[in-house]
Amino acid sequence: MWTEGYMPVQMLIHLTVMMAVYVGANYFLKKIGKGIPAFPQAILIWLGTYSYFKFAVAPPLPSTLLYTFMGLVTIVIFLFISSTEQGWTDFKRPILGTLMAVNPMYKGVRTFSFVVLPLLIGYGTYDFNVPKFDEPIDLRTVHPAPPASTTVRGQNFTLQTAQNPYRVEDNGEYMEPGHEKKYFKSNVFEPNAPKYLQYVKEGGSIFFQNCHFCHGDNLNGRGMFAFAFVPIPANFVDPGTLAQLQETFVFWRIAKGGPGLPTESAPWASAMPPWEEHLTTDEIWKVSMFEYWHTEFFPRTWE
Ligand code: HEC
């Protein structure tokens, strides 16, 4: 039925036919003395054209176009009604009648329009906006219990026993807890810096290539993207994060990111990426060490 490119012509034909039927019917009704008064007529024409544009035209009109058409239709109806003094008086009669409540029926209409209708609209608006689901009651567990072991890039790490292979003295021995303190104010760019500091420097490059966008230049969780996320990125300067955690926990978190969190850390979706997809395990250990060095915290030990 709907031939392509033919739509505007069809629409004009439909509207013309509708108009003709309407005028014919009106003429007939007037003849038998039951003519429709001007005000309901205006409403009828308006609703008729609206229903046509809204429901009968296919493909559907874009709403901006629909509003433009209806604006034009409204203007035309007004022009038509006010073209004769008689028409205008007829049109105004029910409006003035309602405003002044000239008889019990108009009084009812007035009460409906100015009391019931606003209340209904108010309730509808309220009902539309009020949330229909319960807010989550559980708070997010920021530091959930880590798994006993985790597999990162094909290698298995037991979190209780794994050690950062780069947290070492110059002789290659694992650094005693707290010994890194002597390096906290050192210059990592020194050419002959101890091994520990050289690894920290490498970790720093990794951090500034990958992490600072979220965790910030000063590691305080205020990176340029930080406030786009809920929860916001961890603030490592705060003693509530790194200082509370074993380094293997940090390793696990960096490797697995937000997707690796257990369900008690829901319902909030963490934006922390699973870095095992982009960094080697060595790089993860180094960046972890850099974060501790920069914030001057020690990893928590298994007591
Ligand atoms: C897209 C933003 C984003 C980037 C990039 C990002 N993180 Fe995160 N990170 C987060 C968010 C958000 C959190 C807090 C939610 C959570 O614990 O998962 C977080 C949490 C963490 C935590 C957990 C801290 C704690 O107290 O449990 C560590 C460790 C961490 N990030 C390290 C890193 C490292 C290292 C990098 C770079 C290799 C990095 N992040 C890059 C968004 C990011």
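Everything discussed here concerns the structure shown above.
Cut-offs and rules
Position numbers for residues count from 1 along each chain, tracking the sequence in the order it is written. In view of the model being predicted, local features appear only for residues whose pLDDT reaches at least 70, and side-chain atom pairs are presented and counted only at 80 or more, with totals across whole chains, interfaces and linings using the full set of residues. Helix and strand definitions follow DSSP, with helices as H or I runs of at least four residues and strands as E runs of at least two, each counted in order from the N terminus. In this description the radius of gyration comes from C-alpha coordinates, and the expected globular size is given by 2.2 Å times residues to the power 0.38. Once C-beta atoms are placed from the backbone, each residue is buried if 20 or more other C-beta atoms lie within 10 Å of its own, exposed if 12 or fewer, and partly exposed for counts between those two. When DSSP finds two or more bridges between two strands, those strands count as paired. Multiplying 1.5 Å by the residue count of a helix minus one yields the expected span of that helix. The angle separating two fitted axes, one through the seven residues that finish at a residue and one through the seven that start at it, defines the bend at that residue.

A.B. asks: Whenever I open this one, the overall build of the protein chain confuses me. Can you help?
C.D. replies: When helices and strands are counted, the protein chain shows nine helices and two strands. The N-to-C order of helical and strand elements in the protein chain reads α-α-α-α-α-β-β-α-α-α-α. Taking 19 Å as the expected radius of gyration for a compact globule of 303 residues, we find that the protein chain reaches 37 Å, considerably beyond that expectation. Taken along its principal axes, the extent of the C-alpha atoms in the protein chain is 115 × 50 × 35 Å. Looking at the protein chain as a whole, 17% of its 303 residues qualify as buried.

A.B. asks: What's the story with the pairing of strand 2 (residues 155-158) in this structure? I'm lost.
C.D. replies: The side chains of a regular strand alternate between both faces of the sheet. With four bridges joining them, strand 1 (residues 149-152) and strand 2 adopt antiparallel strand pairing. Considered in strand 2, the bridge of Val-152 is made with Gln-155. The antiparallel hairpin formed by strand 1 and strand 2 contains two residues in its connecting segment, where Arg-153 sits at a positive phi of about 50°.

A.B. asks: So what exactly am I meant to see when it comes to helix 4 (residues 85-100) here?
C.D. replies: Because each turn of an α-helix spans 3.6 residues, side chains separated by three or four positions in sequence point in the same direction. Taking 1.5 Å as the rise per residue, helix 4 with 16 residues should run 22 Å; its terminal C-alpha atoms sit 21 Å apart, in good agreement. Arg-93 marks where helix 4 bends most, by close to 30°; the proline Pro-94 follows one to four residues later.

Read these as layout, nothing more, since geometry by itself doesn't imply function.
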